[in-house]
Amino acid sequence: MINIKNEHEIKLMEDAAVALKAALEVIEKEIKPGVTTMHLNNVAEAAMKKHGTIPAFKGVPCPYRGGVDYKWAICTSVNDEIIHGIPSDKVILKEGDIVSVDLGTYKNGWCSDAGRTYGVGKISPVCEKLIKVAKDAFFYAVDKAVVGNRVGDISNAVQTYVEKNGFSLLREYQGHGIGEEMHEDPGVPNIGKKGTGPRLKAGMALAIEPMICEGSPEVYVKRDMWTVATMDKKMTAYYENTIVITEKEPKILTL
Ligand code: MF3
Ligand code: CO
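Computed from a prediction, not measured in an experiment: that's the story for all the values here. (Residues numbered from 1 in each chain as written. Chains lettered and ligands numbered in written order. Predicted model: local features only at pLDDT ≥ 70, side-chain atom pairs only at ≥ 80, totals over all residues. Heavy atoms only, no water.)

Enquirer: Please clarify how the packing of helix α3 (residues 125-143) against helix α4 (residues 151-164) should be interpreted in this entry.
Expert: Axis separation between α3 and α4 bottoms out at 8 Å; the angle between their running directions is 145°. In this structure, α3 meets α4 at a crossing whose hand is right-handed. Here α3 contributes Val-133, Asp-136, Ala-137, Tyr-140 and Ala-141 to the contact with α4, which in turn contributes Ile-154, Ala-157, Val-158, Tyr-161 and Val-162. Split by residue class, the contact of α3 with α4 holds 9 nonpolar, no polar and 1 charged. (Axes fitted to C-alpha atoms, helices over the stretch in contact; angles between N-to-C directions. Helix = DSSP H or I, 4+ residues; strand = E, 2+ residues; numbered from the N terminus. Left-handed = near helix turned anticlockwise from the far one by under 90°. Contact = heavy atoms within 4.5 Å. Nonpolar A, V, L, I, M, F, W, Y, C, P; charged D, E, K, R; others polar.)

Here you go:
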């Protein structure tokens, strides 16, 4: 079932997003060679607390058998890791790495969710391009997030733009509805046909999240049962925001 949010509920989601934006700002400032991904987790968690929210990712059950519930405030996925990387004090960022950071906040019963890929120091041209294409794909998708369109119009915008740029998309993971729960209906795939899927209505809140690969989109899950990485070890990038569909322009809550 797709939940339609009223104005008051959207206000509460915006409120949760304030803390998320603050956390992103401190993370961005801290990213440099020599910093651990656990440090990024810790500064993000402190920023969330300071703004009266809790990390929405804590307690998310592992999608795979034998994995623990997620215990961290953010996900940090480095280079060929695309999503769900676990922060660690053993992972030290170095010049030329790219790190994808994904985070969610929860306040007064409402969630927000966003992600970015950042370069560490000077990065290669292909990494620059990956980061840009993931971000631009999101904005092409948002252009389609209007009343009367369908979820497939969003998916198709992402797919068309990313593939035109010579990159590929994760098939097994997708964006999602969001609200009182982190993951609600509908699923928002990054691959799809125009004019298919649920119709978009004002008051729907969606997390749109292109997850893109330099090479093949074939991935595996690491032994921690969370981290998803590419089989060919090529680079990946990611960009996500929580948006709300309105009678006019879509509203981006986490930007
Ligand atoms: N932000 C992710 C998503 O968009 C969720 C992360 S899973 C978690 O679906 F366990 F790390 F929270
Ligand atoms: Co998400």
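Now, onward.
Enquirer: I tried to follow the side chain of Glu-81 on my own but got confused; where do I start?
Expert: Here Glu-81 is to be found in strand β3 (residues 81-83). On the basis of relative accessibility, which here comes to 15%, the residue Glu-81 falls in the buried class. Polar contacts involving the side chain of Glu-81 include one to the side chain of Lys-222, which spans 2.8 Å. Other than its neighbours up to four places away in sequence, Glu-81 contacts Thr-76, Lys-222, Thr-227, Val-228, Ala-229 and Thr-236. (Buried < 20%, exposed > 50% of the residue type's maximum accessible area, 1.4 Å probe, protein only. Polar contact = N/O pair within 3.5 Å; in protein donor to acceptor, adjacent residues only side chain to side chain.)

Enquirer: What is the right way to look at the pattern of salt bridges in this model?
Expert: A side chain of one charge can pair with a side chain of the opposite charge when the charged atoms of the two come close. For the structure shown, the criterion picks out 9 salt bridges. Residues Glu-184 and Lys-5 are paired through a salt bridge, measuring 2.9 Å at the closest nitrogen-oxygen approach. Of this pair, Glu-184 sits in strand β8 (residues 184-188) while Lys-5 sits in the segment before α1 (7-30); the two residues are 179 residues apart in sequence, bridging distant segments of the chain. For the residue pair Glu-184 and Lys-5, the accessibility class agrees, reading buried in each case. Ionic pairing is found between Lys-132 and Asp-136, a salt bridge with its closest N-O pair at 2.5 Å. Taken together, the residues Lys-132 and Asp-136, both in helix α3 and 4 residues apart, mark about one turn of the helix. (Salt bridge = Lys/Arg side-chain N within 4 Å of Asp/Glu carboxyl O.)

Enquirer: Looking at this structure, how should I read the sheet that holds strand β14 (residues 241-244)?
Expert: Backbone-to-backbone hydrogen bonds pair the strands of a sheet. The strands run either parallel or antiparallel. Strand order in this open sheet of 5 strands is β8-β7-β9-β14-β15, and the pairing throughout is antiparallel. The strands lining the two open edges of the sheet, one partner per strand, are β8 and β15 (251-252). As defined by bridge partners, strand β7 (residues 175-177) adjoins β8 across 3 bridges and the pair is classed as antiparallel. Looking at β8, one finds that His-176 is bridged to Gly-187. Along the sheet, α4 contacts β8 and β9 (205-208); its crossing angle with β8, the most-contacted strand, is approximately 40°. (Pairing = 2+ DSSP bridges.)

Enquirer: It is not clear to me how the layout of surface pockets should be interpreted in this structure. Could you clarify?
Expert: Over the atoms rolls a probe the size of a water molecule, and its path tells where empty space is left. When its volume is computed, the largest pocket comes out at roughly 410 Å³. When contributions to the lining of the largest pocket are tallied by element, the ones reaching two or more residues are β7 and β8. Sort the elements by how many residues they give to the lining of the largest pocket and β8 lands first, with 3 residues. Among the residues making up the lining of the largest pocket, the classes are represented as 13 nonpolar, 6 polar and 5 charged. There is about 250 Å³ of room inside the second largest pocket. Broken down by secondary-structure element, the contributors of at least two residues to the lining of the second largest pocket are α1, β5 (110-119) and α3. (1 Å grid on protein atoms, 1.4 Å probe; cavity = no way out; pocket = protein on both sides within 12 Å on 5 of 7 lines; lining within 4 Å. Points joined across faces, edges and corners; volume = space filled by probe spheres on them.)

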